[in-house]
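Observations on chain architecture
Here's the letter readout for the chains.
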Amino acid sequence: MGKNLPHHHQHQSKSNNSYTKFIFALFFCLLGLACIVDLFWASSSSFSSSYLRFASNWVSQKPRIFVSQQQQQQQHNVDDKIGKKKRFLSATFADLPAPDLAWEQMPSAPVPRLDGSAIQINNLFYVLSGYGTLDHVHSHVDVFNFTDNTWRAKFDTPKDMANSHLGVASDGRYIYVVSGQYGPQCRAPTSRTYVLDTQTREWQSLPPLPAPRYAPATQLWKGRLHVMGGSKENRHTPGLEHWSIAVKDGKALEKEWRTEIPIPRGGPHRASVAINDRLFVIGGQEGDFMAKPGSPIFKCSRRHEVVYGDVYMLDAEMKKWEVLPPLPKPNSHIECSWVVVNNSIIITGGTTEKHPETKRMILVGEVFQFHLDSLTWSVIGKLPYRVKTTLAGFWDGYLYFTSGQRDRGPDNPQPKKVIGEMWRTKLNI
Ligand SMILES: *[C@@H]1O[C@H](CO)[C@@H](O)[C@H](O)[C@H]1NC(C)=O
Ligand SMILES: *[C@@H]1O[C@H](CO)[C@@H](O)[C@H](O)[C@H]1NC(C)=O
(Lines give C-alpha, C1' and ligand atoms only; values in the text may rest on other atoms or scores of the structure.)
(Ligands and ions follow the chains in the order given, each with its own letter.)
Protein backbone atom coordinates (compact mmCIF):
# COMPACT_ATOMS: atom_id res chain seq x y z
CA MET A 1 0.00 0.00 0.00
CA GLY A 2 2.94 2.20 -0.77
CA LYS A 3 3.50 5.42 1.00
CA ASN A 4 0.76 5.07 3.51
CA LEU A 5 2.35 2.43 5.65
CA PRO A 6 3.32 3.36 9.17
CA HIS A 7 6.94 4.52 9.32
CA HIS A 8 8.16 2.09 11.92
CA HIS A 9 7.53 -0.72 9.48
CA GLN A 10 9.98 0.75 7.00
CA HIS A 11 12.64 1.45 9.60
CA GLN A 12 12.42 -2.08 10.74
CA SER A 13 13.05 -3.47 7.29
CA LYS A 14 15.90 -1.04 6.72
CA SER A 15 17.81 -2.24 9.74
CA ASN A 16 17.09 -5.86 8.86
CA ASN A 17 18.64 -5.07 5.58
CA SER A 18 21.93 -3.71 6.74
CA TYR A 19 22.21 -6.73 8.96
CA THR A 20 21.51 -9.02 6.04
CA LYS A 21 24.06 -7.26 3.87
CA PHE A 22 26.61 -7.62 6.59
CA ILE A 23 25.94 -11.33 7.01
CA PHE A 24 26.09 -11.93 3.29
CA ALA A 25 29.39 -10.08 2.97
CA LEU A 26 30.88 -11.83 5.96
CA PHE A 27 29.87 -15.19 4.66
CA PHE A 28 31.36 -14.73 1.24
CA CYS A 29 34.58 -13.32 2.64
CA LEU A 30 34.92 -16.32 4.89
CA LEU A 31 34.51 -18.68 1.99
CA GLY A 32 37.18 -16.80 0.09
CA LEU A 33 34.82 -16.09 -2.72
CA ALA A 34 36.04 -12.55 -3.06
CA CYS A 35 35.59 -12.68 -6.78
CA ILE A 36 31.86 -12.78 -6.50
CA VAL A 37 31.53 -10.34 -3.66
CA ASP A 38 31.39 -7.40 -6.00
CA LEU A 39 28.78 -9.01 -8.07
CA PHE A 40 26.88 -9.93 -4.98
CA TRP A 41 27.05 -6.46 -3.58
CA ALA A 42 25.67 -5.17 -6.80
CA SER A 43 22.69 -7.46 -6.68
CA SER A 44 22.45 -7.11 -2.94
CA SER A 45 21.93 -3.39 -3.17
CA SER A 46 19.09 -3.88 -5.60
CA PHE A 47 17.86 -6.59 -3.30
CA SER A 48 17.92 -4.24 -0.35
CA SER A 49 16.00 -1.49 -2.04
CA SER A 50 13.48 -3.94 -3.38
CA TYR A 51 13.18 -5.53 0.01
CA LEU A 52 12.15 -2.19 1.36
CA ARG A 53 9.64 -1.86 -1.41
CA PHE A 54 8.58 -5.35 -0.76
CA ALA A 55 8.09 -4.60 2.88
CA SER A 56 6.10 -1.56 2.06
CA ASN A 57 3.82 -3.79 0.11
CA TRP A 58 2.27 -5.37 3.22
CA VAL A 59 5.08 -7.77 3.56
CA SER A 60 7.79 -8.72 5.91
CA GLN A 61 9.81 -11.43 4.33
CA LYS A 62 12.86 -12.94 5.98
CA PRO A 63 15.82 -12.92 3.61
CA ARG A 64 17.78 -16.12 3.26
CA ILE A 65 20.93 -16.23 5.32
CA PHE A 66 23.57 -18.79 4.33
CA VAL A 67 25.35 -20.37 7.27
CA SER A 68 27.17 -23.48 6.16
CA GLN A 69 28.73 -24.99 3.11
CA GLN A 70 26.24 -27.79 3.19
CA GLN A 71 23.41 -25.34 3.24
CA GLN A 72 25.04 -23.44 0.44
CA GLN A 73 25.10 -26.61 -1.63
CA GLN A 74 21.44 -27.10 -0.85
CA GLN A 75 20.86 -23.53 -1.85
CA HIS A 76 22.58 -24.18 -5.18
CA ASN A 77 20.29 -27.10 -5.74
CA VAL A 78 17.32 -24.89 -5.01
CA ASP A 79 18.68 -22.22 -7.32
CA ASP A 80 19.12 -24.83 -10.05
CA LYS A 81 15.52 -25.80 -9.63
CA ILE A 82 14.45 -22.17 -9.63
CA GLY A 83 16.57 -21.62 -12.73
CA LYS A 84 14.74 -24.41 -14.49
CA LYS A 85 11.41 -23.27 -13.23
CA LYS A 86 12.18 -19.73 -14.30
CA ARG A 87 13.04 -20.82 -17.80
CA PHE A 88 9.92 -22.88 -17.87
CA LEU A 89 7.67 -20.20 -16.42
CA SER A 90 9.37 -17.16 -17.86
CA ALA A 91 6.22 -15.95 -19.60
CA THR A 92 4.65 -15.66 -16.17
CA PHE A 93 7.00 -12.94 -14.97
CA ALA A 94 7.75 -11.22 -18.24
CA ASP A 95 5.26 -8.95 -19.92
CA LEU A 96 3.82 -10.81 -22.87
CA PRO A 97 4.30 -9.25 -26.29
CA ALA A 98 1.28 -7.04 -26.92
CA PRO A 99 0.34 -4.20 -29.24
CA ASP A 100 0.31 -0.69 -27.80
CA LEU A 101 -3.06 0.92 -27.29
CA ALA A 102 -3.63 4.67 -27.28
CA TRP A 103 -4.80 5.47 -23.75
CA GLU A 104 -6.47 8.73 -22.87
CA GLN A 105 -6.61 9.87 -19.27
CA MET A 106 -10.04 10.76 -17.94
CA PRO A 107 -11.01 12.48 -14.65
CA SER A 108 -9.76 10.55 -11.63
CA ALA A 109 -12.17 9.02 -9.14
CA PRO A 110 -12.77 11.19 -6.04
CA VAL A 111 -10.67 8.74 -3.98
CA PRO A 112 -7.98 6.15 -4.73
CA ARG A 113 -9.10 2.60 -4.01
CA LEU A 114 -7.68 -0.89 -3.81
CA ASP A 115 -9.80 -4.04 -3.70
CA GLY A 116 -12.95 -2.06 -4.44
CA SER A 117 -15.70 -3.27 -6.75
CA ALA A 118 -17.62 -1.92 -9.70
CA ILE A 119 -20.82 -2.54 -11.61
CA GLN A 120 -21.73 -0.87 -14.88
CA ILE A 121 -25.41 -0.16 -15.55
CA ASN A 122 -25.77 1.37 -19.01
CA ASN A 123 -23.85 4.67 -19.00
CA LEU A 124 -23.32 4.72 -15.23
CA PHE A 125 -20.38 3.11 -13.47
CA TYR A 126 -20.95 2.36 -9.77
CA VAL A 127 -17.63 2.09 -7.96
CA LEU A 128 -17.96 0.66 -4.47
CA SER A 129 -15.90 0.75 -1.29
CA GLY A 130 -12.29 -0.57 -1.21
CA TYR A 131 -9.22 0.45 0.77
CA GLY A 132 -8.01 4.05 0.57
CA THR A 133 -4.98 3.06 2.61
CA LEU A 134 -4.36 -0.12 4.51
CA ASP A 135 -5.70 1.62 7.62
CA HIS A 136 -8.69 3.26 6.01
CA VAL A 137 -11.51 1.65 4.08
CA HIS A 138 -14.21 3.43 2.12
CA SER A 139 -17.90 3.02 2.85
CA HIS A 140 -19.41 4.83 -0.08
CA VAL A 141 -20.22 4.50 -3.75
CA ASP A 142 -18.83 6.87 -6.42
CA VAL A 143 -20.68 7.08 -9.72
CA PHE A 144 -19.05 7.88 -13.07
CA ASN A 145 -21.18 8.96 -16.00
CA PHE A 146 -19.75 7.59 -19.27
CA THR A 147 -21.87 9.98 -21.35
CA ASP A 148 -20.16 13.13 -20.16
CA ASN A 149 -17.16 11.47 -18.48
CA THR A 150 -17.70 12.99 -15.04
CA TRP A 151 -17.82 11.64 -11.53
CA ARG A 152 -21.21 12.82 -10.41
CA ALA A 153 -22.68 11.20 -7.34
CA LYS A 154 -21.45 9.82 -4.06
CA PHE A 155 -23.58 8.00 -1.51
CA ASP A 156 -23.01 5.82 1.54
CA THR A 157 -23.07 2.06 1.90
CA PRO A 158 -24.82 0.46 4.92
CA LYS A 159 -22.82 0.70 8.16
CA ASP A 160 -22.54 -3.08 8.49
CA MET A 161 -21.69 -3.81 4.89
CA ALA A 162 -18.23 -5.11 4.05
CA ASN A 163 -15.71 -2.51 2.83
CA SER A 164 -13.56 -4.48 0.41
CA HIS A 165 -13.36 -7.83 -1.36
CA LEU A 166 -17.11 -7.80 -1.98
CA GLY A 167 -18.93 -10.23 -4.21
CA VAL A 168 -20.99 -8.04 -6.59
CA ALA A 169 -23.51 -8.70 -9.35
CA SER A 170 -26.35 -6.78 -11.00
CA ASP A 171 -29.50 -7.33 -13.04
CA GLY A 172 -29.35 -3.86 -14.57
CA ARG A 173 -31.13 -2.04 -11.75
CA TYR A 174 -30.28 -3.77 -8.47
CA ILE A 175 -26.71 -4.31 -7.29
CA TYR A 176 -26.22 -7.31 -5.01
CA VAL A 177 -23.33 -7.11 -2.56
CA VAL A 178 -22.45 -10.44 -0.97
CA SER A 179 -20.10 -10.80 2.04
CA GLY A 180 -16.54 -9.39 1.78
CA GLN A 181 -14.06 -8.01 4.29
CA TYR A 182 -15.39 -5.71 7.00
CA GLY A 183 -12.94 -3.03 8.19
CA PRO A 184 -9.30 -2.14 7.42
CA GLN A 185 -6.01 -4.09 7.50
CA CYS A 186 -6.62 -7.85 7.31
CA ARG A 187 -9.84 -8.17 9.27
CA ALA A 188 -12.12 -11.13 8.70
CA PRO A 189 -14.90 -11.34 6.15
CA THR A 190 -18.60 -11.15 7.01
CA SER A 191 -21.56 -13.13 5.65
CA ARG A 192 -23.82 -10.07 5.50
CA THR A 193 -25.46 -9.45 2.17
CA TYR A 194 -27.16 -6.35 0.79
CA VAL A 195 -28.90 -5.09 -2.29
CA LEU A 196 -28.90 -1.55 -3.70
CA ASP A 197 -31.74 -0.18 -5.79
CA THR A 198 -29.79 2.14 -8.09
CA GLN A 199 -32.96 4.08 -8.95
CA THR A 200 -33.85 5.01 -5.39
CA ARG A 201 -30.33 4.54 -3.94
CA GLU A 202 -31.86 2.58 -1.07
CA TRP A 203 -30.20 -0.44 0.45
CA GLN A 204 -31.95 -3.56 1.82
CA SER A 205 -30.49 -6.60 3.47
CA LEU A 206 -30.77 -10.12 2.07
CA PRO A 207 -30.35 -13.52 3.79
CA PRO A 208 -26.70 -13.78 4.90
CA LEU A 209 -24.45 -16.34 3.22
CA PRO A 210 -24.25 -19.68 5.09
CA ALA A 211 -20.67 -18.67 6.05
CA PRO A 212 -18.49 -15.56 5.66
CA ARG A 213 -16.53 -15.31 2.44
CA TYR A 214 -13.66 -13.10 1.34
CA ALA A 215 -13.66 -12.06 -2.34
CA PRO A 216 -15.94 -14.84 -3.59
CA ALA A 217 -16.73 -15.16 -7.30
CA THR A 218 -20.28 -13.79 -7.51
CA GLN A 219 -22.67 -13.65 -10.43
CA LEU A 220 -26.36 -13.38 -11.20
CA TRP A 221 -27.29 -16.19 -13.54
CA LYS A 222 -30.68 -17.44 -14.66
CA GLY A 223 -32.57 -15.75 -11.84
CA ARG A 224 -30.24 -16.88 -9.09
CA LEU A 225 -27.40 -15.13 -7.31
CA HIS A 226 -24.41 -17.53 -7.33
CA VAL A 227 -21.51 -17.27 -4.89
CA MET A 228 -18.48 -19.50 -5.44
CA GLY A 229 -15.11 -20.02 -3.81
CA GLY A 230 -13.46 -17.06 -2.09
CA SER A 231 -11.50 -17.50 1.13
CA LYS A 232 -12.92 -18.58 4.47
CA GLU A 233 -12.94 -16.58 7.72
CA ASN A 234 -9.17 -16.33 8.03
CA ARG A 235 -8.90 -14.73 4.56
CA HIS A 236 -6.45 -17.44 3.53
CA THR A 237 -8.09 -20.88 3.43
CA PRO A 238 -9.79 -21.41 0.07
CA GLY A 239 -13.51 -22.18 0.19
CA LEU A 240 -14.83 -24.61 -2.41
CA GLU A 241 -18.49 -24.08 -1.62
CA HIS A 242 -20.94 -22.77 -4.14
CA TRP A 243 -24.27 -21.39 -3.00
CA SER A 244 -27.17 -19.76 -4.81
CA ILE A 245 -30.40 -18.01 -3.95
CA ALA A 246 -33.31 -17.02 -6.20
CA VAL A 247 -33.66 -13.23 -6.49
CA LYS A 248 -36.00 -10.92 -8.35
CA ASP A 249 -36.25 -7.14 -8.37
CA GLY A 250 -33.92 -6.80 -5.43
CA LYS A 251 -35.72 -9.36 -3.26
CA ALA A 252 -34.74 -12.87 -2.26
CA LEU A 253 -37.43 -15.36 -3.29
CA GLU A 254 -36.10 -17.96 -0.86
CA LYS A 255 -35.28 -17.82 2.83
CA GLU A 256 -31.98 -19.64 2.57
CA TRP A 257 -29.09 -20.15 0.24
CA ARG A 258 -29.05 -23.44 -1.67
CA THR A 259 -25.95 -25.61 -1.89
CA GLU A 260 -24.74 -26.09 -5.47
CA ILE A 261 -21.99 -28.11 -7.08
CA PRO A 262 -18.66 -27.07 -5.46
CA ILE A 263 -16.08 -25.37 -7.62
CA PRO A 264 -13.03 -27.59 -8.43
CA ARG A 265 -10.57 -25.09 -7.00
CA GLY A 266 -11.40 -22.53 -4.32
CA GLY A 267 -9.93 -19.14 -3.52
CA PRO A 268 -10.47 -15.39 -3.91
CA HIS A 269 -9.95 -12.69 -6.55
CA ARG A 270 -11.48 -14.32 -9.63
CA ALA A 271 -13.54 -12.95 -12.45
CA SER A 272 -16.96 -14.54 -12.90
CA VAL A 273 -19.03 -13.83 -15.97
CA ALA A 274 -22.49 -15.09 -16.94
CA ILE A 275 -23.27 -15.18 -20.64
CA ASN A 276 -26.53 -16.78 -21.71
CA ASP A 277 -26.46 -20.39 -20.59
CA ARG A 278 -22.89 -20.37 -19.39
CA LEU A 279 -21.22 -19.24 -16.20
CA PHE A 280 -17.46 -18.68 -16.36
CA VAL A 281 -15.01 -18.40 -13.46
CA ILE A 282 -11.55 -17.17 -14.44
CA GLY A 283 -8.15 -16.99 -12.72
CA GLY A 284 -7.74 -16.11 -9.04
CA GLN A 285 -5.55 -17.54 -6.33
CA GLU A 286 -5.36 -19.83 -3.33
CA GLY A 287 -4.23 -18.16 -0.11
CA ASP A 288 -3.92 -14.50 0.79
CA PHE A 289 -2.57 -12.18 3.46
CA MET A 290 -4.10 -12.82 6.85
CA ALA A 291 -4.16 -11.07 10.20
CA LYS A 292 -1.00 -11.50 12.26
CA PRO A 293 -1.98 -13.70 15.22
CA GLY A 294 -2.69 -11.55 18.28
CA SER A 295 -2.41 -8.25 16.45
CA PRO A 296 -5.00 -5.89 17.92
CA ILE A 297 -5.29 -4.05 14.61
CA PHE A 298 -5.38 -7.27 12.55
CA LYS A 299 -2.16 -6.24 10.88
CA CYS A 300 -1.72 -7.92 7.51
CA SER A 301 0.95 -10.57 7.23
CA ARG A 302 1.89 -12.39 4.11
CA ARG A 303 1.07 -16.03 3.58
CA HIS A 304 1.76 -18.47 0.81
CA GLU A 305 -0.27 -17.79 -2.31
CA VAL A 306 -0.67 -19.67 -5.56
CA VAL A 307 -1.99 -17.69 -8.49
CA TYR A 308 -3.68 -19.65 -11.25
CA GLY A 309 -4.94 -19.21 -14.75
CA ASP A 310 -7.70 -21.84 -14.58
CA VAL A 311 -10.95 -21.23 -16.40
CA TYR A 312 -14.05 -23.12 -15.36
CA MET A 313 -17.46 -23.17 -16.97
CA LEU A 314 -20.83 -24.33 -15.76
CA ASP A 315 -23.63 -24.90 -18.27
CA ALA A 316 -27.37 -24.70 -17.70
CA GLU A 317 -27.47 -28.31 -16.49
CA MET A 318 -25.21 -27.34 -13.55
CA LYS A 319 -23.95 -30.91 -13.25
CA LYS A 320 -20.24 -30.45 -13.72
CA TRP A 321 -17.60 -27.72 -14.01
CA GLU A 322 -15.92 -27.95 -17.36
CA VAL A 323 -12.23 -26.99 -17.53
CA LEU A 324 -11.47 -24.58 -20.39
CA PRO A 325 -8.13 -23.34 -21.80
CA PRO A 326 -6.25 -21.34 -19.13
CA LEU A 327 -5.36 -17.64 -19.26
CA PRO A 328 -2.09 -16.85 -21.11
CA LYS A 329 -0.51 -16.42 -17.65
CA PRO A 330 -1.70 -17.04 -14.07
CA ASN A 331 -3.78 -13.99 -13.12
CA SER A 332 -5.53 -12.86 -9.96
CA HIS A 333 -7.26 -9.74 -8.55
CA ILE A 334 -9.45 -9.48 -11.63
CA GLU A 335 -12.91 -9.74 -10.06
CA CYS A 336 -14.13 -6.48 -11.59
CA SER A 337 -11.43 -6.14 -14.28
CA TRP A 338 -13.50 -7.55 -17.14
CA VAL A 339 -16.07 -6.51 -19.71
CA VAL A 340 -17.95 -8.49 -22.35
CA VAL A 341 -17.55 -7.11 -25.88
CA ASN A 342 -18.40 -8.73 -29.22
CA ASN A 343 -18.84 -12.25 -27.89
CA SER A 344 -15.61 -12.14 -25.94
CA ILE A 345 -14.46 -11.43 -22.39
CA ILE A 346 -11.82 -8.70 -22.08
CA ILE A 347 -9.65 -8.72 -18.92
CA THR A 348 -7.47 -5.77 -17.91
CA GLY A 349 -4.37 -6.27 -15.76
CA GLY A 350 -4.12 -8.28 -12.55
CA THR A 351 -1.31 -9.88 -10.60
CA THR A 352 0.54 -13.06 -11.42
CA GLU A 353 2.67 -15.60 -9.54
CA LYS A 354 5.38 -14.14 -7.34
CA HIS A 355 8.87 -14.29 -8.77
CA PRO A 356 10.35 -17.68 -7.72
CA GLU A 357 13.72 -16.21 -6.77
CA THR A 358 12.98 -12.80 -5.36
CA LYS A 359 9.47 -13.67 -4.13
CA ARG A 360 8.43 -10.25 -5.31
CA MET A 361 4.88 -9.69 -6.37
CA ILE A 362 4.49 -9.14 -10.08
CA LEU A 363 1.66 -7.12 -11.56
CA VAL A 364 0.12 -7.71 -14.96
CA GLY A 365 -0.21 -5.01 -17.62
CA GLU A 366 -1.74 -6.93 -20.49
CA VAL A 367 -5.25 -6.80 -21.86
CA PHE A 368 -6.50 -10.34 -22.53
CA GLN A 369 -9.36 -11.45 -24.73
CA PHE A 370 -11.23 -14.74 -24.37
CA HIS A 371 -13.13 -15.60 -27.53
CA LEU A 372 -16.38 -17.26 -26.56
CA ASP A 373 -16.91 -18.98 -29.90
CA SER A 374 -13.49 -20.65 -30.16
CA LEU A 375 -12.76 -20.68 -26.37
CA THR A 376 -9.26 -19.35 -27.05
CA TRP A 377 -7.23 -16.54 -25.47
CA SER A 378 -5.26 -13.74 -27.04
CA VAL A 379 -3.31 -10.76 -25.75
CA ILE A 380 -4.77 -7.69 -27.42
CA GLY A 381 -2.89 -4.81 -25.84
CA LYS A 382 -1.05 -3.15 -23.00
CA LEU A 383 -2.39 -0.93 -20.25
CA PRO A 384 -0.60 2.38 -19.53
CA TYR A 385 1.03 0.48 -16.62
CA ARG A 386 0.65 -2.80 -14.81
CA VAL A 387 -2.20 -2.68 -12.32
CA LYS A 388 -4.28 -5.04 -10.18
CA THR A 389 -7.89 -4.99 -8.92
CA THR A 390 -8.63 -2.45 -11.52
CA LEU A 391 -12.29 -1.80 -12.32
CA ALA A 392 -13.23 -2.05 -15.99
CA GLY A 393 -16.15 -0.69 -18.01
CA PHE A 394 -17.10 -0.44 -21.66
CA TRP A 395 -19.10 2.35 -23.27
CA ASP A 396 -19.52 3.68 -26.78
CA GLY A 397 -16.58 1.72 -28.20
CA TYR A 398 -14.22 2.64 -25.35
CA LEU A 399 -12.65 0.32 -22.81
CA TYR A 400 -12.30 2.13 -19.46
CA PHE A 401 -10.50 1.25 -16.27
CA THR A 402 -10.06 2.99 -12.93
CA SER A 403 -8.56 2.28 -9.49
CA GLY A 404 -6.33 -0.48 -8.20
CA GLN A 405 -2.67 -0.68 -7.34
CA ARG A 406 -0.17 0.10 -10.07
CA ASP A 407 3.45 -0.87 -10.62
CA ARG A 408 6.63 1.02 -9.72
CA GLY A 409 7.39 1.91 -13.31
CA PRO A 410 8.02 0.35 -16.73
CA ASP A 411 11.00 -1.64 -15.43
CA ASN A 412 9.57 -2.66 -12.10
CA PRO A 413 6.41 -4.74 -12.00
CA GLN A 414 6.09 -4.70 -8.20
CA PRO A 415 2.98 -3.07 -6.74
CA LYS A 416 3.21 0.46 -5.40
CA LYS A 417 0.69 3.26 -5.58
CA VAL A 418 -3.02 2.87 -4.98
CA ILE A 419 -4.71 4.89 -7.70
CA GLY A 420 -7.97 6.59 -8.54
CA GLU A 421 -6.94 7.34 -12.10
CA MET A 422 -9.36 6.61 -14.92
CA TRP A 423 -8.21 5.80 -18.46
CA ARG A 424 -9.89 4.80 -21.69
CA THR A 425 -8.92 3.47 -25.08
CA LYS A 426 -10.93 2.95 -28.27
CA LEU A 427 -11.30 -0.78 -28.64
CA ASN A 428 -11.13 -2.31 -32.06
CA ILE A 429 -11.49 -6.06 -31.82
C1 LIG B 1 -25.12 11.54 -17.57
O2 LIG B 1 -24.69 12.55 -18.42
C3 LIG B 1 -25.63 12.94 -19.41
C4 LIG B 1 -24.95 13.96 -20.28
O5 LIG B 1 -24.54 15.08 -19.53
C6 LIG B 1 -26.88 13.45 -18.75
O7 LIG B 1 -27.86 13.76 -19.71
C8 LIG B 1 -27.43 12.41 -17.79
O9 LIG B 1 -28.53 12.93 -17.07
C10 LIG B 1 -26.35 11.98 -16.81
N11 LIG B 1 -26.89 10.91 -15.98
C12 LIG B 1 -26.91 11.01 -14.65
C13 LIG B 1 -27.58 9.90 -13.92
O14 LIG B 1 -26.42 11.94 -14.06
C1 LIG C 1 -17.63 -5.51 -32.75
O2 LIG C 1 -17.87 -6.16 -33.97
C3 LIG C 1 -18.47 -5.32 -34.96
C4 LIG C 1 -18.82 -6.18 -36.16
O5 LIG C 1 -17.70 -6.92 -36.57
C6 LIG C 1 -17.53 -4.18 -35.29
O7 LIG C 1 -18.13 -3.31 -36.23
C8 LIG C 1 -17.21 -3.41 -34.00
O9 LIG C 1 -16.25 -2.41 -34.29
C10 LIG C 1 -16.69 -4.33 -32.96
N11 LIG C 1 -16.58 -3.58 -31.70
C12 LIG C 1 -15.43 -3.34 -31.12
C13 LIG C 1 -15.50 -2.57 -29.88
O14 LIG C 1 -14.38 -3.72 -31.54
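For clarity, every value in this text was computed on a predicted model and none was experimentally measured. Counting of residues starts from 1 at the beginning of each chain's written sequence and follows it residue by residue. The order in which chains are written sets their letters, starting at A; the order in which ligands are written sets their numbers, starting at 1. Local features are withheld for residues below a pLDDT of 70 in this predicted model, meaning they are given only at 70 or higher, and side-chain atom pairs are given and counted only at 80 or more; totals for whole chains, interfaces and linings count all residues.

Right, let's get into the overall build of the protein. Secondary structure elements follow DSSP: runs of H or I of four or more residues count as helices, runs of E of two or more count as strands, with numbering from the N terminus. In terms of regular secondary structure, the protein is built from 3 helices and 32 strands. Any residue surrounded by 20 or more other C-beta atoms within 10 Å of its C-beta is treated as buried, while 12 or fewer makes it exposed and the intermediate range makes it partly exposed; C-beta atoms here are placed from the backbone. Taken over 429 residues, the protein has a buried fraction of 43%. Relative to all contacts within the protein whose residues are 6 or more apart in sequence, the contacts with residues 24 or more apart total 54%. For the purpose of contact definition, each residue receives a C-beta atom placed from its backbone, and two residues are in contact when these atoms lie within 7 Å.

Turning to the site of ligand 1, a few remarks are in order. Nearness here is judged by the C-beta atom: place it from the backbone, and if it falls within 6 Å of a molecule or strand, the residue counts as near that partner. Neighbouring ligand 1 are L124, N145, T147, D148 and R152. When the residues that make up the shell around ligand 1 are grouped by side-chain class, the tally is 1 nonpolar, 2 polar and 2 charged. Ten residues, namely Ala, Val, Leu, Ile, Met, Phe, Trp, Tyr, Cys and Pro, are considered nonpolar, four, namely Asp, Glu, Lys and Arg, are considered charged, and the remaining ones, Gly among them, are considered polar.

The subject of this paragraph is the sheet that holds strand 7 (residues 150-156). Paired strands, as defined in this entry, are two strands with at least two bridges between them according to DSSP. The strand order 2-3-6-7 describes an open sheet built from 4 strands, whose pairing is antiparallel. Only two strands of the sheet have a single neighbouring strand rather than two, namely strand 2 (117-121) and strand 7. Neighbouring strand axes in the sheet, compared pairwise and without regard to direction, differ in orientation by 20 degrees on average. Of the pairings in the sheet, the one linking strand 3 (residues 124-128) to strand 6 (residues 140-145) comprises 5 bridges and is antiparallel in character. Every angle, taken between N-to-C directions, lies between 0 and 180 degrees, and every axis is a line fitted to C-alpha atoms, over only the stretch in contact when it is a helix.

Before going further, it helps to examine the site of ligand 2. What surrounds ligand 2 is the set V341, N342, G397, L427, N428 and I429. Class assignment of the residues belonging to the shell around ligand 2 gives a composition of 3 nonpolar, 3 polar and no charged.

The next thing to look at is the environment of D95. Inspection of the secondary structure assignment puts D95 in the loop between helix 3 (69-93) and strand 1 (104-106). Overall, the presence of 17 C-beta atoms within 10 Å leaves D95 in the partly exposed class. Taking the C-alpha atoms as reference points, D95 and K329, separated by 234 residues in sequence, lie 9.7 Å from one another.

It is worth spelling out the pairing of strand 25 (residues 338-341) at this point. Sheet analysis places strand 25 next to strand 26 (residues 344-352), joined by 4 bridges and oriented antiparallel. What sits directly across from V340, in strand 26, is I345. Linking strand 25 to strand 26, which pair antiparallel, is a turn of 2 residues; within it N342 sits at a positive phi near 45 degrees.

On to the sheet that holds strand 17 (residues 271-275), then. Read from one edge to the other, the open sheet built from 4 strands follows the order 17-18-23-24, with strand pairing classed as antiparallel. Across the chains shown, the open sheet's two edge strands, defined by having one partner strand only, are strand 17 and strand 24 (322-324). Strand-to-strand, the axes of this sheet are offset by a mean angle of 25 degrees, without reference to chain direction. In the sheet, strand 23 (residues 311-314) pairs with strand 24 via 3 bridges, with the strands oriented antiparallel. Looking at strand 24, one finds that M313 is bridged to E322.

Below, the discussion takes up unusual backbone geometry. Of note, H165 is a non-glycine position whose phi angle comes to about 55 degrees, a positive value. Along the chain, H165 falls in the loop between strand 7 and strand 8 (167-170). With phi around 55 degrees, K222 is a residue other than glycine that occupies positive phi space. Within the fold, K222 resides in the loop between strand 12 (217-221) and strand 13 (224-228). With 13 C-beta atoms counted inside 10 Å, the residue K222 sits in the partly exposed group.

All right, on to the nonpolar core then. Counting residues in each nonpolar core, the largest one holds 71 residues, and the members touching the most others are V127, I175, Y176, V177 and W338. It is strand 27 (residues 362-371) that contributes the most residues to this core, 6 residues altogether. Apart from residues no more than four positions distant in its own chain, Y176 is found in contact with V168, A169, S170, V195, L220, L225 and V247. Counting residues in each nonpolar core, the second largest holds 9 residues, with Y131, M290, V418 and I419 among its members. In this description, a nonpolar core means buried residues of the types Ala, Val, Leu, Ile, Met, Phe, Trp, Tyr and Cys, linked to one another by C-beta atoms lying within 7 Å.

A separate point is the confidence of the model for the protein. For the protein, mean pLDDT is 84; residues scoring 70 or higher make up 79% of the total. Per-residue confidence from the prediction method is given by pLDDT, with values spanning 0 to 100. Taken as a whole, residues 1-89 scores under 50 in pLDDT and shows 69 contacts with residues more than four places along the chain or in a different chain.

A word on the environment of L128. Within the fold, L128 resides in strand 3. Note on L128: 27 C-beta atoms within 10 Å, which makes it buried. Sequence separation of L128 and S139 is 11 residues, and the distance between their C-alpha atoms is 7.7 Å. In contact with L128, not counting residues within four places along its chain, are G116, S117, A118, V141, T157, L166 and V168.

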